[in-house]
Structure formats: structure tokens, C-alpha cells
Amino acid sequence: MYDFKIAAPDKVTLYRDLRAALESLVAGEPDPIANMANFSALIMESLPDLNWAGFYRNVGGELVLGPFQGRAACIRIPFGKGVCGAAAATLRVQRVEDVHAFPGHIACDAASASELVVPIVRDGELIAVLDLDSPTVGRFDAEDEAGCVALGEVLARVL
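Because the structure is predicted, anything quoted here is derived from the model rather than measured.

1. A short note on empty space enclosed by the protein
Applying the stated criterion across every chain yields a total of 1 cavity of 30 Å³ or more. Every residue lining the largest cavity is counted, 20 residues in all, and those nearest its centre are Ile106, Cys108, Glu115, Asp131 and Asp133. Of all the elements in the fold, those that place two or more residues in the lining of the largest cavity are strand E1 (52–58), helix H3 (82–90) and strand E6 (125–134). Of all the elements, H3 adds the most residues to the lining of the largest cavity, at 3 residues. When its residues are assigned to classes, the lining of the largest cavity shows 11 nonpolar, 3 polar and 6 charged.

Written out as C-alpha cells, the structure is:
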């Protein structure tokens, strides 16, 4: 059983410790669903002020719900639709301070107020997107983005 208790005095340390924990979780495990599931649990438990953490997988050019922690979610999202679809279509991180101001936002959970979506890319191909939602406007900053991009790089090697 894994029992990660990650508490850090600052975000740089927090994301460094999360990366070490993630590398430990995925070491030697080839199954992408298992790795996404464990990562979703790790990040939901470790990052404060989240109401959803998980993945949408690229299945035939459409985002399909993958492992997650939180309330039931939208199952399919076309590329280019909503925050996740924008990240998938552009292969760029989407850090949205207020999702209600994002054109075409897909409200799977009305409690979500801000969102961070990180494309997971290997060899130029989108594998999945990591989607983090918070009930707080402006929850995610540049340090969260950089930390989650680094975590996505670890995942890209094992998904």
C-alpha cells in the first residue's frame, strides 16, 4: 500500500515531491490506465482546493473520459470544445482563471470555477490531457502550471 503524505512549505517543493512520488508509483508499471488512476488519486490527495482531477484520453481524435477523482464527468469531448478540447487541439496548456468567462466552457460540474489542463504528448502525439478543476476562481498560477507540466512529462513516458 502506498501512503504518500505530501506537505510542503512552497509549491516548488510540493511539485518536486509530487514528481518523486509519481515516479515511484509508475516505476515498472506498463498499464496506462493504472498509472493514470494512481496519479489522479495522488494529485487529488496532495493538491489543495481541487474538486476534480483526472484524465481525458485521446481515442481516435476525440477525448474520452479516463481515470479521475471527483464527481461524475462528461464522457466525450471533441477536440476544440471547452478547455480540455482547446488543450487537445492546440497541444498547449490551458490555465483558465474563471471558466465561466471561457468561450464554450463545458460545465461538467457547476461548482468548478477555474481549470488547468495539461496535454500529455509523446513523440508529437497527444496521448491524453490532465484536467484539474477547482471551485476557487484563480486557483492555478504559473507555479502550478510548471509543476503539472513536469508531472505530465513523467506520465508521457509511461502512458
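2. Here we look at the environment of Leu22
Within the secondary structure, Leu22 sits in helix H1 (residues 11–26). By relative accessible area, which is 0% here, Leu22 ends up buried. Between the C-alpha atom of Leu22 and that of Asn38, which follows or precedes it by 16 residues, the distance is 8.4 Å. Leaving out residues up to four positions away in the same chain, Leu22 has contacts with Phe39, Leu42, Leu151, Val154 and Leu155.

3. Observations regarding the sheet that holds E6
Read from one edge to the other, the open sheet built from 6 strands follows the order E3-E2-E1-E6-E5-E4, with strand pairing classed as antiparallel. Each edge of the open sheet is held by one strand with a lone partner, namely strand E3 (76–78) and strand E4 (94–96). Pairs of neighbouring strands in the sheet enclose a mean axial angle of 20°, with direction left out of account. Relative to strand E2 (residues 62–70), E1 runs antiparallel, the two being bridged by 6 bridges. Note on E2: the bridge partner recorded for Gly54 is Phe68.

Rules and cut-offs
Residues numbered from 1 in each chain as written. Predicted model: local features only at pLDDT ≥ 70, side-chain atom pairs only at ≥ 80, totals over all residues. Heavy atoms only, no water. 1 Å grid on protein atoms, 1.4 Å probe; cavity = no way out; pocket = protein on both sides within 12 Å on 5 of 7 lines; lining within 4 Å. Points joined across faces, edges and corners; volume = space filled by probe spheres on them. Helix = DSSP H or I, 4+ residues; strand = E, 2+ residues; numbered from the N terminus. Nonpolar A, V, L, I, M, F, W, Y, C, P; charged D, E, K, R; others polar. Buried < 20%, exposed > 50% of the residue type's maximum accessible area, 1.4 Å probe, protein only. Contact = heavy atoms within 4.5 Å. Pairing = 2+ DSSP bridges. Axes fitted to C-alpha atoms, helices over the stretch in contact; angles between N-to-C directions.

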